[in-house]
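Chain by chain, the residues run as shown.
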Amino acid sequence: MKRSIVLALAATVCLAACSKGEQAAAPATTAAAPAAPAPAAAPAAPSVPSQVRSLEPAPNTGKVMQVQHAGSYTYAEVEGPNGQRAWIAGTVIAVNVGDEVQWGDYSVMRNFTAKSIGRTFDSILFVNSWGKAGAPVVATPVHGSMPTPTVADVADANNTGVVKSVAVAGGYSYVEVDRGGKVVWVAAMETPMKPGDKVQWQGGAEMRNFNAKSLGRTFDQIVFAQAIAVVR
């Protein structure tokens, strides 16, 4: 009987020891799972080369509907992206009906008579540069840098005189000219000159009660010339 009691006690001790061993091992089996790897960062957007960023649509573009060449100018009627049409004029370029053109800054002239083509435009844009879309533009030369006109080049030989005063604004020269005792005002694209210079101009349209906003002045009468230059 004593032997049975001893065996029973031994079994109890063994079970208790096993139970403690399982409790000690439990933490190892319930350890937290390793953290999931962080998602890979999205690749950075490729940078756009500066030369590509600069290729933005030109603000002044249109399709040529009519074109005429006369003297040192090309006159073209263009239709813009919005469907509106306008006449523009600039230095002579090779352009045909159907071509897309682009142009830079411009000045608007109203009731302009182009004697070289025998036509009066209600409104026309004189541009400082233009050309076919996507191609380099051609600058319209400053009239003062053109070859000095001779009397034979001028429709009216009386289109000469001595500068009394000159004002420059908005890309134009407004010139007060003494023409043999009669004073006239002449406007043309900006041209270097000073009081006392003898000048000669070519073509032009006479306008009355013209308000030059850039000067803040209204002229009773002024001639907008196609070209003006200092003569020696």
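One can find the structure itself at the top, above this paragraph.
Residues numbered from 1 in each chain as written. Predicted model: local features only at pLDDT ≥ 70, side-chain atom pairs only at ≥ 80, totals over all residues. Heavy atoms only, no water.

Draft legend 1. Molecular detail of the pattern of salt bridges. Inspection of the entire model under this criterion finds four salt bridges. Arg 85 is the partner of Glu 77 in a salt bridge, and the nearest nitrogen-oxygen pair spans 3.9 Å. In this structure Glu 77 comes out as buried when scored by relative accessible area, which is 11%. Looking at Arg 85, the relative accessible area reads 48%, which means it is partly exposed. Between Lys 132 and Asp 99 there is a salt bridge whose closest N-O contact spans 3.7 Å. A residue pair is termed long-range when its members are at least 10 positions apart, and Lys 132 in strand β7 (residues 129–132) and Asp 99 in the loop between β3 (85–91) and β4 (100–103) qualify at 33 residues. Overlapping salt bridges, with partners in common, bring together Glu 77, Glu 79 and Arg 85 in one network. (Salt bridge = Lys/Arg side-chain N within 4 Å of Asp/Glu carboxyl O. Buried < 20%, exposed > 50% of the residue type's maximum accessible area, 1.4 Å probe, protein only. Helix = DSSP H or I, 4+ residues; strand = E, 2+ residues; numbered from the N terminus.)

Draft legend 2. Representation of the side chain of Glu 176 in the model. As for its position among the elements, Glu 176 is in strand β10 (residues 172–179). For the buried Glu 176, no salt bridge is present, and the opposite-charge side chain at shortest range is Lys 164, 4.3 Å distant. If near-sequence neighbours (up to four positions away) are discounted, Glu 176 is found in contact with Val 162, Val 163, Lys 164, Ser 165, Val 183, Val 184 and Trp 185. (Lys, Arg positive; Asp, Glu negative; His and termini not counted. Contact = heavy atoms within 4.5 Å.)

Draft legend 3. Representation of the nonpolar core. Counting residues in each nonpolar core, the largest one holds 24 residues, and the members touching the most others are Tyr 75, Phe 112, Ile 124, Tyr 174 and Ile 222. For this core, the secondary structure elements donating two or more residues are β2 (73–79), β3, β5 (106–114), β6 (119–127), β10, β11 (182–189), β13 (205–212) and β14 (217–224). Among the elements that make up this core, the one with the highest residue count is β13 (four residues). Aside from chain neighbours lying at most four places away, what touches Phe 112 is Tyr 75, Arg 119, Thr 120, Phe 121, Ile 124, Phe 126, Ala 205, Phe 224 and Gln 226. Within the second largest apolar cluster, 13 residues are counted, among which are Trp 201, Val 223, Ile 228 and Val 230. (Core = buried A, V, L, I, M, F, W, Y, C linked by side-chain atoms within 4.5 Å.)

Draft legend 4. Inspection of the sheet that holds strand β8 (residues 138–139) at higher detail. Pairing in this open sheet of eight strands is mixed, and the strands run β5-β6-β3-β2-β1-β4-β7-β8 from one edge to the other. The sheet terminates laterally at β5 and β8, the two strands that pair on one side only. Here strand β1 (residues 61–70) runs beside β4; their pairing, made up of three bridges, is antiparallel. By the bridge assignment, Lys 63 is partnered in β4 with Glu 100. (Pairing = 2+ DSSP bridges.)

Draft legend 5. Examining the sheet that holds strand β9 (residues 160–169) more closely. An order of β13-β14-β11-β10-β9-β12-β15 is seen for the seven strands of this open sheet, with the pairing classed as mixed. One side of each edge strand has no neighbouring strand; the edge strands of this open sheet are β13 and β15 (227–231). Neighbour-to-neighbour, the strand axes of this sheet turn through a mean angle of 45°, independent of strand direction. Where β11 lies against β14, two bridges are found, and the strand directions are parallel. (Axes fitted to C-alpha atoms, helices over the stretch in contact; angles between N-to-C directions.)

Draft legend 6. Fine view of the side chain of Thr 191. Secondary-structure assignment places Thr 191 in the loop between β11 and β12 (198–202). For Thr 191, a relative accessible area of 5% translates into the label buried. In terms of polar contacts, Thr 191 uses its side chain to reach the backbone carbonyl oxygen of Met 189, at 2.7 Å. (Polar contact = N/O pair within 3.5 Å; in protein donor to acceptor, adjacent residues only side chain to side chain.)

Draft legend 7. Spatial organisation of the packing of aromatic side chains. Tallied over the entire structure, the rule returns nine aromatic pairs. Seen from their ring centres, Tyr 172 and Phe 224 are 6.2 Å apart, and the 75° between their planes marks the pair as edge-to-face. On the criterion of sequence distance, the pair formed by Tyr 172 in strand β10 and Phe 224 in strand β14 is long-range, its members being 52 residues apart. Looking at Tyr 172, the relative accessible area reads 6%, which means it is buried. Among the aromatic residues, ring-to-ring pairing joins Tyr 73, Tyr 75, Trp 87, Phe 112, Phe 121 and Phe 126 into one connected group. (Phe/Tyr/Trp six-rings, centres within 6.5 Å; stacked < 30°, edge-to-face > 60°.)

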